[in-house]
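# Geometric and topological summary
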Amino acid sequence: MKKKVLAGLLGTVMVASLLAGCGGGAKETEAPATDAATEAAADTEAADTEAAADTEAESVADAVDAADVDLSSADVAVFYYTYGDTYIASVRTALDAQLDELGVKYQDYDANNNQTTQNEQIDTALQTGANVLIVNIVTSGSVDASTQIVEKAKAADVPVIFFNRAVEGDEDEGTVLGSYEKCAFVGTDAPEAGHMQGQMIGEYLVENYDAVDLNGDGKISYAMFMGQLGNVEAIYRTQYGVEDANAVLEAAGKPALEYFDSANSDCYQVDQDGNWSATAANNYMTTNLTQYNEENGNMIELVICNNDGMAEGAISALNDKGYNLGDGNCVTIPVFGVDATDAAKQLIADGKMTGTIKQDAEGMAACIADLTVNAGSGQDVMANTDSYNISENVSNKIYIPYATYTGE
């Protein structure tokens, strides 16, 4: 029964046609599924998604009732790396709604981007009776950090469901997740967002090359804002967002992208606090524009961001200089992000942002809730998960698919 809950949320990938010029609209067209999976859920708010699920399939609570699953003894502790991350806030809202519907006891914790704080919170939760742990780890990709949490769960003999932030790097795949039978991970195929963003950027530039090339030098100058050093999602988005765009450009006979600051060999500017924040991108972009601008003939002509929060910050800096105002008469610098947050969708609708990659908060929350039903009722954490996109290499690793988004 539980498989139907998430399966009802999965849909066909919608690949949007590209925006044409300042304030331009967009339309979506169906395309075959990507290798990773089909798009999860339509681009709707959490409440709309929940309402649609009620009409098309059983809700989580209905599925639990129909399966006669007893969750009365479940005591769930949910640990977020920070409440301040816009995407994570969306997951939290959706997951709270799912857990409320299940009627289970649960407690949310905010680590405020501090791994020591999160470890202490996990200790406290276990001491006070938590018997299901749901963890959005602070130190992404660290085997040491995730192993410490698994060992705490093992010692208490409770299941642990990691989500969103990687618990191990590619070179250590399966090391942590394979060390405990009551463990699972719900996240995304990290390279996928970078590949999709790069493809989207390349196609947009091929269609709008002359308009984007403000100084007419035959090349596109870009800025890249990276969310966090060492984070596998940030690494792949930074790499493939450019590499895949270049592949599309070069196939069309266009030159590769050129980073705006030749003195920066990294070819990115990173949020030093690891918060993927609008503030960091705004500060960088504001400073960049004092030297790299139309007056000097070297304007930044493209902005690529690891997430929508950083895209918002960059757009705000551009707005302050009279760009990306969405009035139909302005010069609009193409800005791309990842997440398809509500704020980004509005910026796209207003003609201030060009595109993003949807990371499905509602789909992720629904999947976590499904595994919580298993964990909280004493079943195998990965029971009845045939409908999910499960890693070929790690049997307890579930991927929630990405999708392109350029407007309604």
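What comes next concerns the included structure. (Residues numbered from 1 in each chain as written. Predicted model: local features only at pLDDT ≥ 70, side-chain atom pairs only at ≥ 80, totals over all residues. Heavy atoms only, no water.)

### Considering the overall build of the protein
Rule in force here: Per the convention used, a helix needs a DSSP run of H or I reaching at least four residues, while a strand needs a run of E reaching at least two, with both numbered from the N terminus. For every residue, the accessible area obtained with a 1.4 Å probe (protein chains only) is divided by the maximum for its type, and the residue is called buried under 20%, exposed over 50%, and partly exposed between those limits. Residues count as neighbours in contact if any of their non-hydrogen atoms are within 4.5 Å of one another.
In terms of regular secondary structure, the protein is built from 12 helices and 16 strands. Relative to its 408 residues, the protein shows a buried fraction of 56%. Pairs at least 24 apart in sequence give 74% of the contacts found in the protein among residues at least 6 apart.

### Structural notes on helix 7 (residues 190-212)
Quick reminder of the rule: One less than the number of residues in a helix, times 1.5 Å, gives the span that helix is expected to have. Throughout, bend refers to the angle between the axes fitted to the seven residues that end at a position and the seven residues that start at it.
Compared with the 33 Å implied by 1.5 Å per residue over 23 residues, the 29 Å span of helix 7 between its first and last C-alpha is markedly short. Helix geometry: helix 7 is bent most strongly at V206, by close to 60°.

### Some thoughts on the pattern of salt bridges
To be explicit about the condition: One side-chain nitrogen of Lys or Arg within 4 Å of one carboxyl oxygen of Asp or Glu is enough to make a salt bridge.
Within this structure, the stated rule accounts for 8 salt bridges. Here K182 and D157 are joined by a salt bridge, their closest N and O atoms 2.8 Å apart. Placement of the pair is K182 in the loop between strand 6 (160-163) and strand 7 (183-187) and D157 in the loop between helix 6 (143-156) and strand 6, with a sequence separation of 25 residues. Residue classification places D157 among the partly exposed residues on the basis of a relative accessible area of 48%. Within the structure, one salt-bridge network assembled from shared partners comprises R92, D96 and D108.

### Re the sheet that holds strand 7
What counts is decided by this rule: We call two strands paired when DSSP finds no fewer than two bridges between them.
Taken together, 7 strands build an open sheet; the order of strands is 4-3-5-6-7-15-14 and the sheet is mixed. Both edges of this open sheet fall to strand 4 (105-110) and strand 14 (389-390), since each of them pairs with a single strand only. The pairing of strand 14 with strand 15 (residues 397-399) spans 2 bridges and is antiparallel. In the sheet register, N389 faces strand 15, and the bridge partner there is Y399.

### Brief notes about the packing of helix 5 (residues 115-127) against helix 6
The criterion, for reference: Axes here mean lines fitted to C-alpha atoms, for a helix over just the part in contact, with angles spanning 0 to 180 degrees between N-to-C directions. Roughly parallel here means an angle under 35 degrees, roughly antiparallel means over 145, roughly perpendicular means 65 to 115, and every remaining angle is called oblique. Residues are sorted three ways: Asp, Glu, Lys and Arg are charged, Ala, Val, Leu, Ile, Met, Phe, Trp, Tyr, Cys and Pro are nonpolar, and all the rest, Gly among them, are polar.
Relative to each other, helix 5 and helix 6 sit at 5°, their axes nearing to 11 Å. What the angle tells us is that helix 5 and helix 6 run roughly parallel. The residues of helix 6 that touch helix 5, namely those facing Q115, Q118, N119, I122, D123 and L126, are A145, Q148, I149, K152 and A156. Residues that form the contact of helix 5 with helix 6 fall into these classes: 5 nonpolar, 4 polar and 2 charged.

### Let's talk about the nonpolar core
Rule in force here: Note on terminology: a nonpolar core comprises buried Ala, Val, Leu, Ile, Met, Phe, Trp, Tyr and Cys residues joined through side-chain atoms within 4.5 Å.
By size, the foremost hydrophobic cluster in this structure holds 90 residues, and its most contacted members are I134, V186, F225, L257, M285, L302 and V303. Leaving out residues up to four positions away in the same chain, M285 has contacts with F225, I300, V303, A314, A317 and L318. If you look at the next biggest cluster of nonpolar residues, it comprises 25 residues, including A77, L126, Y180 and V394.

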